[in-house]
Amino acid sequence: FGTISEISGDDGGSGGGSKGSDVVQRDLERFMQMLPDALDMIDIESRVKSKTPYVICALQEAARLNNLFAVMRKSMDELQLGLEGALNMSAEMEALSAGIASNSVPALWMSQVSTRIQEVYSLSAWYADILKREEQLKNWTKGDLSLPTSVWLPGLFNPKAFITAVMQTYARTNKLPLDVMKFMTDVTTKVDPSQIPEAPSEGAYVHGLCIEGARWDKASGSLRDSIPGELHTPMPVIWVKPVTADKFTLKSFYACPVYTNMQRANVYSPMVSTFTLRTKEAPHKWVLGSVALLLQDDLSA
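Residues numbered from 1 in each chain as written. Predicted model: local features only at pLDDT ≥ 70, side-chain atom pairs only at ≥ 80, totals over all residues. Heavy atoms only, no water.

**Focus: the pairing of strand β2 (residues 181–187)**
Working step 1: β2 sits mainly inside the fold: 5 of its 7 residues count as buried.
Working step 2: Direction of pairing for β2 relative to strand β8 (residues 238–244): antiparallel, over a ladder of 7 bridges. Paired with F183 across the two strands is P242, which belongs to β8. (Buried < 20%, exposed > 50% of the residue type's maximum accessible area, 1.4 Å probe, protein only. Helix = DSSP H or I, 4+ residues; strand = E, 2+ residues; numbered from the N terminus. Pairing = 2+ DSSP bridges.)

Right under this line is the structure:
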């Protein structure tokens, strides 16, 4: 469908070229107005008292976001000049214009997020996602950059690094080598992260994931078969709990893979992690059912 849209455009063959000029101009101006200012890294780093693993993760995420914003702002400024006739239209400007016209994420912008993930969101949904990332990071980097009560995991450029930071923090606190560390996940009863009063004393709360191929039953606190017609269901807040290797167990747990989106391919949707989900049935049932957690709910975009 994306290829058809790129070839045919969205103007229904009107021949007026309005989508290539007036409508693109309008949407471009809207995107430019919505784009936030870059995070002030000098101010943020001046408030850092100790570069803990969580603080380093927040700084890296903020730097990635600033790089993305810089590329977006520069490319939109250039396209604005191109549409006004002040600059010759380059290939990148044409690609951005085509992306806006077809409501698809331009490759230049997506490359700043990941070179491995094939975006499944429309441009408007992706833009809203980026703005939500900025909101989370702006709140995270306030004050002394303390860990948020619950982290919106899909809003991180590198969620793997955050999971590693959970284990690093525990290892440092308990003076343990990192190679003896693992983690398990417990699903809480809280659906809304605002219901969580504070961050856990050990580990971290994460939210924003959905499950495909099964559902989470709050009453039993375990995996259950999907309800017909519900392909994806949101997961409650999840506690990522660091443990040493000798305390790690998969008894009564399903080792559930976590992917970026429904494509589940190592090239286009790399596996992010493996979460332990409690099950009262044999884990192989969920393996055969290809049950997985997703960071992006493609069907809601």
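**Considering the packing of helix α4 (residues 53–84) against helix α7 (residues 123–140)**
Working step 1: Two elements in contact, α4 and α7, have axes whose closest approach is 10 Å; the angle formed by their N-to-C orientations is 140°. Between α4 and α7, the crossing angle belongs to the class labelled oblique. Seen along the crossing, α4 lies across α7 with a hand that is left-handed. Together, Y54, C57, A58, E61, A62, L65, L68, F69, M72 and M76 of α4 and W126, Y127, I130, E134, L137 and W140 of α7 make up the contact between the two elements.
Working step 2: Within the contact of α4 with α7, the residues separate by chemical class into 14 nonpolar, no polar and 2 charged. (Axes fitted to C-alpha atoms, helices over the stretch in contact; angles between N-to-C directions. Parallel < 35°, antiparallel > 145°, perpendicular 65-115°, else oblique. Left-handed = near helix turned anticlockwise from the far one by under 90°. Contact = heavy atoms within 4.5 Å. Nonpolar A, V, L, I, M, F, W, Y, C, P; charged D, E, K, R; others polar.)

**Concerning the nonpolar core**
Working step 1: By size, the foremost hydrophobic cluster in this structure holds 70 residues, and its most contacted members are W126, F162 and F275.
Working step 2: Looking at this core, the element that brings in the most residues is α4, giving 12 residues. (Core = buried A, V, L, I, M, F, W, Y, C linked by side-chain atoms within 4.5 Å.)

**Quick notes on helix α8 (residues 159–173)**
Working step 1: When the terminal C-alpha atoms of α8 are compared, their 22 Å separation across 15 residues agrees well with the 21 Å that a helix rising 1.5 Å per residue should span.
Working step 2: Immediately beyond the C-terminal end of α8, within one or two residues, lies K175, with a positive phi of roughly 55°. (Expected span 1.5 Å × (residues − 1).)

**Thoughts on the packing of helix α2 (residues 22–34) against helix α5 (residues 91–102)**
Working step 1: Axis separation between α2 and α5 bottoms out at 9 Å; the angle between their running directions is 95°. In terms of orientation, α2 lies roughly perpendicular with respect to α5. Of α5, the residues touching α2 (which contributes V24, D27, L28 and F31) are S97, I100 and A101.
Working step 2: Broken down by class, the residue content of the contact of α2 with α5 amounts to 5 nonpolar, 1 polar and 1 charged.

**Comments concerning the pairing of β8**
Working step 1: Among the 7 residues that make up β8, 5 are buried, leaving the element largely enclosed by the rest of the structure.
Working step 2: Summarising the sheet, strand β3 (residues 204–207) and β8 pair through 3 bridges and their orientation is antiparallel. Bridge pairing links Y205 to W239 in β8.

**Let's talk about the confidence of the model for the protein**
Working step 1: Of the residues in the protein, 89% have a pLDDT of 70 or more, and the chain-wide mean is 90.
Working step 2: For the stretch residues 4–19, pLDDT sits under 50, and the model shows 12 contacts to residues farther than four places along the chain or on other chains. (pLDDT = per-residue confidence, 0-100.)

**A look at the side chain of T276**
Working step 1: Here T276 lies in strand β10 (residues 271–278).
Working step 2: The buried category is assigned to T276, whose relative accessible area is 4%.

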